[in-house]
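Observations on the three-dimensional arrangement
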Amino acid sequence: MTLSVAVIGTGAIGMDLVNKIHRSPLLNCQLLAGRNKDSAGLEIAAQLGCPTSASGIDAILAAPKPFDVVFDATNAMSHVKHWELLRPLGTLLIDLTPSHVGKMIVPTVTGTDALADRNVSLISCGGQASIPILHALSQHFVINDIEVAATVASDILGRATRINIDEYVETTQIALSAFTGVANTKAILNISPAAPPAMFRVTIFADIPGATMEQITPVVAAAAAAVREFSAGYTLTACKVTEGRVSISLEVVASSSVMPEYAGNLDLINSAAILVAEQYAAFRNKMEGANGYPN
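Residues numbered from 1 in each chain as written. Predicted model: local features only at pLDDT ≥ 70, side-chain atom pairs only at ≥ 80, totals over all residues. Heavy atoms only, no water.

Basically, it comes down to this: UniProt positions are given in the numbering used here, feature names are shortened, and annotations may be inferred rather than shown by experiment.
As recorded in an unreviewed UniProt entry, the protein goes by the name Acetaldehyde dehydrogenase, listed as coming from Serratia grimesii. Per UniProt, the comment on the protein under Pathway (unreviewed entry) is "Aromatic compound metabolism; 3-phenylpropanoate degradation." Its UniProt record, at the heading Function (unreviewed entry), says of the protein: "Catalyzes the conversion of acetaldehyde to acetyl-CoA, using NAD(+) and coenzyme A. Is the final enzyme in the meta-cleavage pathway for the degradation of aromatic compounds."

**A word on the overall build of the protein**
So the rule is basically this: Only DSSP runs of H or I reaching four residues or more are called helices, and only runs of E reaching two or more are called strands; each is numbered from the N terminus. With C-alpha atoms as the basis for the radius of gyration, the globule rule is written as 2.2 Å multiplied by the number of residues raised to the power 0.38. Buried residues are those whose accessible area, probed at 1.4 Å on protein chains only, stays under 20% of the maximum for their type, while exposed residues exceed 50% and partly exposed ones sit between those limits. Residues are treated as being in contact if the distance between any of their heavy atoms lies within 4.5 Å. Working definition of accessibility: Shrake-Rupley area with a 1.4 Å probe, residue cover restricted to the visible protein chains. By the counting rule applied here, Lys and Arg register as positive and Asp and Glu as negative, while His and the ends of each chain are not counted. Note that the charge is assigned to NZ on lysines, CZ on arginines, CG on aspartates and CD on glutamates.
The number of helices and strands found in the protein is ten helices and twelve strands. Taken over C-alpha atoms, the radius of gyration comes to 19 Å for the protein, in line with the 19 Å a tight globule of 295 residues would show. Projected onto the principal axes, the alpha-carbon positions of the protein cover approximately 60 × 50 × 30 Å. Each of the 295 residues in the protein was classed as buried or not, and the buried ones make up 53%. Restricting to contacts in the protein with at least 6 residues of sequence separation, those with at least 24 account for 68%. Surface exposure of the protein reaches about 12500 Å², of which carbon and sulfur atoms provide 52%. Once the 18 positive and 25 negative side-chain charges of the protein are each reduced to a mean point, those two points are 4 Å apart.

**Remarks on the UniProt feature "binding site: NAD(+)" (unreviewed entry) in the protein**
Mapped onto this numbering, the UniProt entry gives "binding site: NAD(+)" (unreviewed entry) at Thr10, Gly11, Ala12, Ile13 and Asn265. The exposure class of Ala12 is partly exposed, given its relative accessible area of 24%.

**Focus on the sheet that holds strand β8 (residues 145-153)**
In a beta sheet, neighbouring strands pair by backbone hydrogen bonds and run either parallel or antiparallel. For clarity, the threshold we go by: In this analysis, strands are considered paired if DSSP registers two or more bridges between them. Only the stretch in contact is used when a helix axis is fitted, and all axes are lines through C-alpha atoms; the angle between N-to-C directions ranges over 0 to 180 degrees.
Reading across the sheet, the five strands line up as β9-β8-β10-β12-β11 and stay open at both edges, with mixed pairing between neighbours. Pairing within the sheet leaves two strands with one partner each, and these edge strands are β9 (185-192) and β11 (234-242). Sheet twist, expressed as the average angle between the axes of neighbouring strands with direction ignored, equals 15 degrees. As defined by bridge partners, β8 adjoins strand β10 (residues 200-207) across seven bridges and the pair is classed as antiparallel. Counterpart to Ala149 in the pairing with β10 is Thr203.

**Quick look at the pattern of salt bridges**
What counts is decided by this rule: By convention in these notes, a salt bridge is any Lys or Arg side-chain nitrogen within 4 Å of a carboxyl oxygen on Asp or Glu.
Applying the stated rule across the entire model yields six salt bridges. When the shortest N-O distance is used, the salt bridge between Asp267 and Lys20 registers 2.7 Å. Within this pair, whereas Asp267 is found in helix α10 (residues 264-290), its partner Lys20 is found in helix α1 (residues 12-22), the two being separated by 247 residues in sequence. Across the pair, exposure class does not vary: Asp267 and Lys20 are buried alike. The salt bridge involving Lys37 is made with Asp38; its shortest N-O contact spans 3.6 Å. The same class applies to Lys37 as to Asp38, namely exposed. Taken together, the salt bridges that share partners define one network made up of Asp16, Lys20 and Asp267.

**Overview of the packing of helix α6 (residues 125-138) against helix α9 (residues 213-228)**
Put simply, the rule is: Every angle not falling under 35 degrees, over 145, or within 65 to 115 is termed oblique; those three ranges are roughly parallel, roughly antiparallel and roughly perpendicular. Take the far helix as your reference; a near helix turned counterclockwise from it by less than a right angle gives a left-handed crossing, and one turned clockwise gives a right-handed crossing. Lys, Arg, Asp and Glu make up the charged group, whereas Ala, Val, Leu, Ile, Met, Phe, Trp, Tyr, Cys and Pro make up the nonpolar group; the residues left over, Gly among them, are polar.
Between α6 and α9, the shortest axis-to-axis distance is 9 Å and the interhelical angle comes to 140 degrees. Taken together, the axes of α6 and α9 are oblique relative to one another. Considering how the two elements wind past one another, α6 and α9 form a crossing that is right-handed. Counting all contacts with α6, which are made through Pro132, Ile133, Ala136 and Leu137, the residues of α9 involved are Ile216, Val219, Val220, Ala223, Ala224 and Val227. Across the contact of α6 with α9, the residue classes break down as ten nonpolar, no polar and no charged.

**Remarks on the nonpolar core**
The line we're drawing: Definition of nonpolar core: a set of buried residues of the types Ala, Val, Leu, Ile, Met, Phe, Trp, Tyr and Cys, connected through side-chain atoms within 4.5 Å.
Phe71, Ile94, Ile133, Leu137 and Ile216 are the most contacted members of the largest nonpolar core, which has 83 residues in total. Here the element with the most residues in this core is α10; it accounts for ten residues. Once residues lying within four places of it in the same chain are set aside, the contact partners of Ile133 are Ile204, Val220, Ala223, Ala224, Tyr234, Ile248 and Leu250. Membership of the second largest hydrophobic core comes to 13 residues, among which are Ala6, Leu31, Ala59 and Leu86.

And the structure:
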């Protein structure tokens, strides 16, 4: 059984989500909703056979029956309203905004643990890039402080992302602490106007007293390999340890037919969102099969 899916938000994130849903054997995109009737996202969705609407959340609510999954690719403020409206419907709401309303999830860390929650948060692109590495390190070492600096190309950032920069920083820092137990964390977002556009890169700095390269390297490599299983462009480019000060560099290259390679930030968080929805679909199919219903 495939799950009925809707996407709200027709920018680059929403456009790529529809493309990825179209390729999933477990998800059926039945609506892309936005506010701009001339959006390129609506045009691409229509080409893929996905129904579209320029009525935003109203189109989601007007559907004949609730969707199994709704991806929210709008902004943090709008997500609060969307959750209030969708909460009574039993829909799984997957939040790609930095609203910090739902249960925070990182697929390689939380797995399916969060699927009982109706509202789940993908935190931020910087969080999805750095937390798998830092969580793995926190399981083996005592970390005194963490700093995560992400660099994204200016021309891939839409209006919603730009108005959510403060929320990005706050939510990422909260997640860094939540997944590592480290109180002193800092998140930085650098928006690069460079031409040609900068690739999505994340640098992690962590104070780990007594750590050596021999100890750190296998832990970081294993965590990165786990992320690459669902985001093939996720690459560990450098790992250094100097007197207990650890620096790790990551780069994510987008693999998408509707976004450029430098949109790795969007590709990573979208790939994580699709994985979560597919895990939920597999869970639903297993439960319905166990209860004697066809799946």
